Amino acid sequence: MEVQTIRITRAIPKKEADAIVKKMGFKLGVKPNPQYKNYHSYRQIQPEKFIKSSFRVKRIKKGIFMIVGKLKKTNSSY
């Protein structure tokens with residue numbers, strides 16, 4: 001399972017949310033998603049790269065959770 005997105009409640013200030021994501025080792029340079037008005041959303045991998053039925057929500061602690069899923073297999077030739 002790979003992390004697709006991290007979401008943190010907006011009750012936590014943006015600077016603090018950024019610090020949490022950075023401390024967890026994930027990237028910050030993502031454009032805010034206005035679809036999620038109650039959360040700071042940090043997309044790590046585009047959802048199209050995942051098997052649709054594999055998405056799960058993993059709660060880290062109150063107000064912080066990750067959406068994880070299985071990546072689609074790529075056709076690589078050796």
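From a predicted model like this one, the values you see are computed outputs, not experimental measurements. (Residues numbered from 1 in each chain as written. Predicted model: local features only at pLDDT ≥ 70, side-chain atom pairs only at ≥ 80, totals over all residues. Heavy atoms only, no water.)

*Asks:* Even after reading the chapter, I still don't get the pattern of salt bridges, so can you show me in this structure?
*Replies:* All told, the structure shown has one salt bridge when counted by the stated rule. When the shortest N-O distance is used, the salt bridge between Asp-18 and Lys-14 registers 2.8 Å. Of this pair, Asp-18 and Lys-14 both sit in helix 1 (residues 14–23), four residues apart, which is roughly one turn of the helix. Assessed through its relative accessible area of 21%, Asp-18 is described here as partly exposed. (Salt bridge = Lys/Arg side-chain N within 4 Å of Asp/Glu carboxyl O. Helix = DSSP H or I, 4+ residues; strand = E, 2+ residues; numbered from the N terminus. Buried < 20%, exposed > 50% of the residue type's maximum accessible area, 1.4 Å probe, protein only.)

*Asks:* Mind showing me how you'd approach the layout of surface pockets here?
*Replies:* By rolling a water-sized probe across the atoms, one finds the places where empty space is left. When its volume is computed, the largest pocket comes out at roughly 250 Å³. Lining the largest pocket are 16 residues; nearest its centre among them are Thr-5, Lys-31, Asn-33, Ser-41 and Arg-43. Going through the elements one at a time, strand 1 (2–9) and strand 2 (39–43) are the ones with two or more residues in the lining of the largest pocket. For the lining of the largest pocket, the element with the highest residue contribution is strand 1, accounting for three residues. Residues belonging to the lining of the largest pocket are distributed by class as follows: four nonpolar, eight polar and four charged. (1 Å grid on protein atoms, 1.4 Å probe; cavity = no way out; pocket = protein on both sides within 12 Å on 5 of 7 lines; lining within 4 Å. Points joined across faces, edges and corners; volume = space filled by probe spheres on them. Nonpolar A, V, L, I, M, F, W, Y, C, P; charged D, E, K, R; others polar.)

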